Amino acid sequence: MSDEKIIPATNDVIFKAMFVQNQDLLKAFLSAALAIPISEIGTLTIKNPEIPPVYIESKLARLDILAEINGIIVNIEMQVAKKEDYKERTLLYWARMYSEEMKKGKPYNEIGKCICINVLNFGMFDCPEFHSSFSVREDTRHELLTDKMHLHFFELTKIKAVGKKNKPNEEDNLQLWLQLFKADSKEELEMLKNTSVQEIRSGVEAIYSLSKDDKIREYVRQRELAEIDHNLDIANAEARGRAEGEIKGIAKRDAELAARWRAEGKTEAEIRSLLGL
């Protein structure tokens, strides 16, 4: 397969389809991401396996994965574009997950853990570590308030891509997964395929297969066009807002100047002339 035909797993369509179609791979990734031995992971259920339309109610559809393992609700998302409000957005998604569990009528102490896993193709935190994990703790004693909330962020920009000078480390499954997500060339994928970790090798094959799938490729194309349109709409709206703000600012300034000149006794004709009207 030539490089131009490879769609990397940083594409959220490929990311979701890979795990929905190969749930053993999702189980292996969650084992690495959450440090849970894979032998201890029982039934895994994906609650939203469908690939939604590009738009839902005029909004670009979100391609996350909502899963349940061992009574734990986990939301997994690949995010490529940097958004300044992403931390708050993640908190909102966690709150929705938790509130949905409450709606099932469970006693508070029986509500399970809700975890958000965010794989980011941009830098978010000013630290060298590629994995940042957050929970609710007391500020000075660092005492854990509850184990119901965990937010994980994995920054791909802090992971070295595999290459001639950076061979895959088969002892670090989490890093292998992140390098698989990051890989965007046949050379990188082939190096990962040659490891002894079966799930990583299967992940490479899944990316190859999905990259050749005509329906997936067309969906990726449509989604990319929709994202371009969405970003243009935002840019145009911001430009209109700035223009309207400038007009309002000029009108306010002219009104203030006119009031001052009237107080000084100038005629309306003189004021219009001074304002260039």
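Residues numbered from 1 in each chain as written. Predicted model: local features only at pLDDT ≥ 70, side-chain atom pairs only at ≥ 80, totals over all residues. Heavy atoms only, no water.

### Digging into the sheet that holds strand β1 (residues 44–46)
Right, on to step 1. Spatially, β1-β4-β5-β6-β8-β7 is the arrangement adopted by the six strands of the open sheet, whose pairing is mixed. Where the open sheet ends on each side, the last strands, each with one partner, are β1 and β7 (131–137). Here the average twist between neighbouring strands, direction ignored, is 20°.
Right, on to step 2. With seven bridges joining them, strand β5 (residues 72–79) and strand β6 (residues 114–120) adopt parallel strand pairing. Bridge pairing in β6 links Glu77 to Asn118.
Right, on to step 3. Strands in contact with helix α1 (residues 12–21) are β1, β4 (65–69), β5 and β6; relative to β5, the strand with the most contacts, it is inclined by about 145°.
Right, on to step 4. Its contacts with the sheet put helix α3 (residues 86–102) on β4, β5, β6 and β8 (144–155), and the angle it makes with β6 is roughly 150°. (Pairing = 2+ DSSP bridges. Helix = DSSP H or I, 4+ residues; strand = E, 2+ residues; numbered from the N terminus. Axes fitted to C-alpha atoms, helices over the stretch in contact; angles between N-to-C directions. Contact = heavy atoms within 4.5 Å.)

### Regarding unusual backbone geometry
Right, on to step 1. The backbone phi angle of Ala35 is positive, close to 55°, even though this residue is not glycine.
Right, on to step 2. Inspection of the secondary structure puts Ala35 in the loop between α2 (23–34) and β1.
Right, on to step 3. Look at Ala35 and you get exposed, because its relative accessible area is 67%.
Right, on to step 4. Backbone geometry at His142 places phi at a positive 60°, although glycine is not the residue there.
Right, on to step 5. Judged by relative accessible area, which is 52%, His142 ranks as exposed. (Buried < 20%, exposed > 50% of the residue type's maximum accessible area, 1.4 Å probe, protein only.)

### Side note on the pattern of salt bridges
Right, on to step 1. Considering all chains together, one arrives at eight salt bridges under this definition.
Right, on to step 2. The shortest N-O distance in the salt bridge between Arg141 and Glu138 comes to 4.0 Å.
Right, on to step 3. One salt bridge in this structure joins Glu155 and Lys158, with 2.9 Å as the shortest N-O distance.
Right, on to step 4. Look at the salt bridges and you will find they share partners, linking Glu138, Arg141 and Glu143 into a network. (Salt bridge = Lys/Arg side-chain N within 4 Å of Asp/Glu carboxyl O.)

### So, the environment of Arg217
Right, on to step 1. Checked against the element boundaries, Arg217 lands in helix α7 (residues 214–263).
Right, on to step 2. By relative accessible area, Arg217 is classed as partly exposed at 32%.
Right, on to step 3. A polar atom in the side chain of Arg217 sits 2.8 Å from the backbone oxygen of Ser211. (Polar contact = N/O pair within 3.5 Å; in protein donor to acceptor, adjacent residues only side chain to side chain.)

Everything listed here is a matter of geometry and, on its own, says nothing about what the molecule does.
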